[in-house]
Amino acid sequence: MESKFDLAKWLAGEMTKAESDAFEQSPEFETYRKIKEYSSKLKAPEFNSEEILKNVIAHKKEPKVIKPRFNWIAKMVAVLVIGLGIGFFFLQSSSTTEMALAGEKNTFSLPDNSEVVLNSGSEIEYKKFNWKYHRELNLKGEAFFKVAKGEKFDVNTELGKVTVVGTQFNVKSRNKNFEVECFEGKVKVSFNGKQVVLTKGKSVFIQNGAEIESRDDISETPNWLQNEMEFNNNSLSEIIAEMERQYSISIENKLTLDKKFSGILPSDNLETALEILSKTYKLSYSQPTKTKVILTKNE
Amino acid sequence: MEEIKKSIGVCEEMVFSNFFRLNVKTLRNYLFYKFGNQEQANDISQEAFVKLWENCAEVPLEKAKSFVYKVANNATLNQIAHQKVVLNYSKKENLVHSTNESPEFILEESEFKTKLEKAISNLTEAQRTAFLLNRIDGKKYSEIAILLEISVKAVEKRIHGALISLRSEIENLK
């Protein structure tokens, strides 16, 4: 029996109010509702993607065009933000700025082939001149680093400093939260006159200048590289700030809710993220335009 | 002096790795939903990315996604036999923990979930892949259309068909 309702539209939340009211009255609705709810809780089996990536990269490429290679000219591929970001080249003592706008991520190389991925709403400033012997940059926001071997490498943020020697690590400096995760090698974190040394697999989380947690079971790469936002004892306003950055939208919140939580929200599926948020905080939301969300009390 | 925006090449290992990490899970899950075989899904995904890496100079970043899906789909053209797709329910679930549920409710819930899993494995391949890409991977219909190289209307038709099929199977088992 052909259903007279457009179920695909219903599943995507695209029915008009009149249609969905009518559908909700029908006897079949309850089963469909359960199908929708439980199917979104399903999970595909895990697999080791990093292992696959290693295998892929290991494949030697066919040299199709033989170009002369000048290794002493560092690969200066400044991958610029698609959209409004403009980078300027200055000489000697001037700085270079790289940024990622809301909803964007920016991947680029430093003059020594160290690699950086900037998360949304983040910015890095550094001097190209004499980079090889003085590797220091200023970070606002969040970035993942893969540092080439060489002299020491410093990342300055408003909340603390990270010094490394040939490693892969993630630094997050947002408002009062300073978090550093070490994926490879060794990292020294300085904040408020204190110091912590991280080795592979360890992380430290500093909130309001006090170390509140150190973990040693972190995953192989940061969650945000896989389109997930990870929260660690964050407030609702901090979560909203990150969602605004990732989705490039504005979220209006008239409620004051103190509950903090830890968990993961997707950064590539706004509907799911809002659903989880609304269930956790028991609130409702509406999306009057594509770039605006309003959170309200649950009636 | 203004820096001219250079076109982004996939041959840059960092760019390639970033692209890989953003796309491998969906590609591999799609292949798994299709054939129910984890190893095969992993292998074909790897093959598709290897082809991209080998041809990185010829494939601009904007075309990379459709490239890997094309390769993956071609690799499976000769595949006919497939196994039952086994899925699991997420342990994380919501961030809200339900506390006051009766034992009857919990049992009912568990029974429904089992029926649903079985019904999903009995969907046609076309319906199952579209449905699971939406439900598990959270892909919108427009995104699914691009991945499967079909129209959005075709995706909606598969989703609609999947839902009808699921309900009919679930209710007949009651």
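Computed from a predicted model, the values in this text were never measured in an experiment.

Chemist: In this structure, what is going on with the overall build of chain A? I would like to understand it.
Modeler: If you tally the helices and strands in chain A, you get 6 helices and 17 strands. Buried residues in chain A amount to 30% of all 299 residues. The long-range share in chain A, meaning contacts at least 24 apart out of those at least 6 apart in sequence, stands at 38%.

Chemist: Would you explain the sheet that holds strand β17 (residues 292-297) of chain A in this entry?
Modeler: What holds strands together in a sheet is hydrogen bonding between their backbones, with the strands either parallel or antiparallel. Residue and element names in this part refer to chain A. Strand order in this open sheet of 3 strands is β14-β17-β16, and the pairing throughout is mixed. The two strands at the open ends of the sheet, each matched to only one other strand, are β14 (250-253) and β16 (283-289). Each adjacent strand pair in this sheet contributes to an overall mean axis angle of 25°, direction not counted. Bridge count between β16 and β17: 5 bridges; the pairing is antiparallel. Paired with L283 across the two strands is K297, which belongs to β17. Packing of helix α6 (residues 270-281) onto the sheet brings it into contact with β16 and β17, and relative to β16 it is tilted by some 145°.

Chemist: Would you explain the nonpolar core in this entry?
Modeler: Generally speaking, a soluble globular protein has its nonpolar side chains buried in company with each other. Counting 52 residues, the largest nonpolar core has V68(B) and I159(B) as the members making the most contacts within it. Of all the elements, helix α1 (residues 13-35) of chain B adds the most residues to this core, at 10 residues. Both domains that meet at this core, namely domain 1 (13-75) and domain 2 (103-173) of chain B, each give it at least three residues. Within the second largest apolar cluster, 31 residues are counted, among which are L159(A), V180(A), V187(A) and V204(A).

Chemist: Explain the packing of α1(B) against helix α5 (residues 125-135) of chain B to me, please; I cannot follow it from the model alone.
Modeler: Each pair of packed helices can be described by the angle between their axes along with the distance between the axes. All names here are of chain B. The N-to-C vectors of α1 and α5 enclose an angle of 145°; their axes lie 9 Å apart at closest approach. Where α1 crosses over α5, the handedness of that crossing is right-handed. Where α1 abuts α5, its residues Y30, Y33 and K34 lie against E125, R128, T129, L132 and L133. Taken together, the residues that form the contact of α1 with α5 break down as 4 nonpolar, 1 polar and 3 charged.

Chemist: Sorry if this is basic, but what is going on with the environment of M15(A) here?
Modeler: Residue and element names in this part refer to chain A. Inspection of the secondary structure assignment puts M15 in the loop between α1 (7-11) and α2 (17-25). Judged by the 19 C-beta atoms lying within 10 Å of it, M15 falls in the partly exposed class. It is 9.3 Å that separates the C-alpha atoms of M15 and F5, two residues lying 10 residues apart in sequence. When residues no more than four places from it in sequence are discounted, the contact partners of M15 are K9, W10, S20 and F23.

Chemist: How should I be thinking about unusual backbone geometry in this particular structure?
Modeler: Most peptide bonds are trans, and most residues other than glycine sit at a negative phi. The backbone phi angle of N175(A) is positive, close to 50°, even though this residue is not glycine. Positionally, N175(A) belongs in the loop between β8 (161-174) and β9 (177-191). For E149(B), which is not glycine, the phi torsion reads 55° and is therefore positive. Position of E149(B) among the secondary structure elements: in the loop between α6 (141-148) and α7 (152-173). Here E149(B) falls in the exposed class, since 11 other C-beta atoms lie within 10 Å of it.

Chemist: It is not clear to me how the confidence of the model for chain A should be interpreted in this structure. Could you clarify?
Modeler: When pLDDT is low, close inspection of the predicted coordinates is not appropriate. Residue and element names in this part refer to chain A. For chain A, per-residue confidence averages 80 on the pLDDT scale, and 86% of positions sit at 70 or higher. Ranking the elements of chain A by mean pLDDT puts strand β12 (residues 210-215) last, at 74, and α1 first, at 93. Here residues 64-92 is modelled with pLDDT under 50, and outside its nearest four sequence neighbours on either side it reaches 42 contacts, counting other chains as well.

Chemist: What should I look at first to understand the confidence of the model for chain B in this one?
Modeler: Residue and element names in this part refer to chain B. Averaged over all residues, the pLDDT of chain B is 83; the fraction at 70 or higher stands at 84%. By mean pLDDT, the top-scoring element of chain B is α5 (95), and the lowest-scoring one is strand β1 (residues 88-89) (72). Within the model, pLDDT remains below 50 along residues 1-6, and this stretch shows 8 contacts once partners closer than five positions in the same chain are excluded. Counting contacts from residues 93-97, a segment whose pLDDT is below 50, to residues more than four positions away or on other chains yields 9 contacts. What the predictor reports for the complex is a pTM of 0.49 with an ipTM of 0.83.

Chemist: Would you take a moment to explain α6(A) for this structure?
Modeler: All names here are of chain A. The end-to-end C-alpha distance of α6, which contains 12 residues, comes to 16 Å, matching closely the 16 Å that a straight helix rising 1.5 Å per residue would cover. For α6, the elements touching its buried residues are α5 (236-247), β15 (261-266), β16 and β17. Positive phi appears at K282, one or two residues downstream of α6, with a value of about 55°.

Chemist: Explanation requested: the packing of helix α3 (residues 29-39) of chain A against helix α4 (residues 103-121) of chain B in the structure shown.
Modeler: Running from N to C, α3(A) and α4(B) point in directions that differ by 85°, and their axes come no closer than 10 Å. With respect to α4(B), the element α3(A) is oriented roughly perpendicular. Residues K34(A), I35(A), Y38(A) and S39(A) of α3(A) lie in contact with α4(B), whose contacting residues are F112(B), K113(B) and L116(B). Residue classes in the contact of α3(A) with α4(B) are distributed as 4 nonpolar, 1 polar and 2 charged.

Chemist: Would you take a moment to explain the pairing of β12(A) for this structure?
Modeler: On any regular strand, side chains alternate: one points to one face of the sheet, the next to the other face. Residues and elements named next belong to chain A. Burial within β12 is sparse, with just 0 of its 6 residues counted as buried. As paired strands, strand β11 (residues 203-207) and β12 are joined by 5 bridges and run antiparallel to one another. Across the sheet, the residue bridging to Q207 is A210, located in β12. In this structure, the hairpin formed by β11 and β12 is closed by a connection of 2 residues, where N208 is found at a positive phi of approximately 55°.

Chemist: Any chance you could explain the environment of V68(B) here in plain terms?
Modeler: Residues and elements named next belong to chain B. Mapped onto the secondary structure, V68 falls in helix α3 (residues 61-75). Residue V68 is classed as buried on the basis of its C-beta count, with 24 C-beta atoms lying within 10 Å. As a C-alpha pair, V68 and L52 span 16 residues in sequence and 6.7 Å in three-dimensional space. Excluding residues that lie within four positions of it along the chain, V68 makes contacts with N23, L27, A48, F49 and L52.

The rules we used
- Every chain's residues receive numbers from 1 upward, in the order its sequence appears when written.
- Labels are handed out in written order, letters beginning with A for the chains and numbers beginning with 1 for the ligands.
- In view of the model being predicted, local features appear only for residues whose pLDDT reaches at least 70, and side-chain atom pairs are presented and counted only at 80 or more, with totals across whole chains, interfaces and linings using the full set of residues.
- Secondary structure counts use DSSP, requiring at least four H or I residues in a row for a helix and at least two E residues in a row for a strand, with both numbered from the N terminus.
- Exposed residues have 12 or fewer other C-beta atoms within 10 Å of their own C-beta, buried residues have 20 or more, and residues in between are partly exposed; the C-beta atoms are placed from the backbone.
- Note on contacts: each residue gets a C-beta atom placed from the backbone, and two residues are in contact if those atoms are within 7 Å.
- DSSP bridges decide pairing: two strands pair if at least two such bridges lie between them.
- A fitted line through C-alpha atoms represents every axis, and for helices the fit uses only the stretch in contact; the resulting angles, taken between N-to-C directions, go from 0 to 180 degrees.
- Each nonpolar core comprises buried Ala, Val, Leu, Ile, Met, Phe, Trp, Tyr and Cys residues, the members being joined through C-beta atoms within 7 Å.
- As used throughout, domain bounds are those supplied by an automatic or database domain assignment.
- It is the rotation of the near helix from the far one that decides the hand of a crossing: anticlockwise by less than a right angle makes it left-handed, clockwise makes it right-handed.
- Gly falls in the polar group here, along with every residue not listed as nonpolar (Ala, Val, Leu, Ile, Met, Phe, Trp, Tyr, Cys, Pro) or charged (Asp, Glu, Lys, Arg).
- A residue's pLDDT is simply how confident the predictor is in it, with values from 0 to 100.
- By this rule, a helix spans an expected 1.5 Å times one less than how many residues it contains.
- By the definition adopted for this analysis, an angle is roughly parallel if under 35 degrees, roughly antiparallel if over 145, roughly perpendicular if from 65 to 115, and oblique otherwise.

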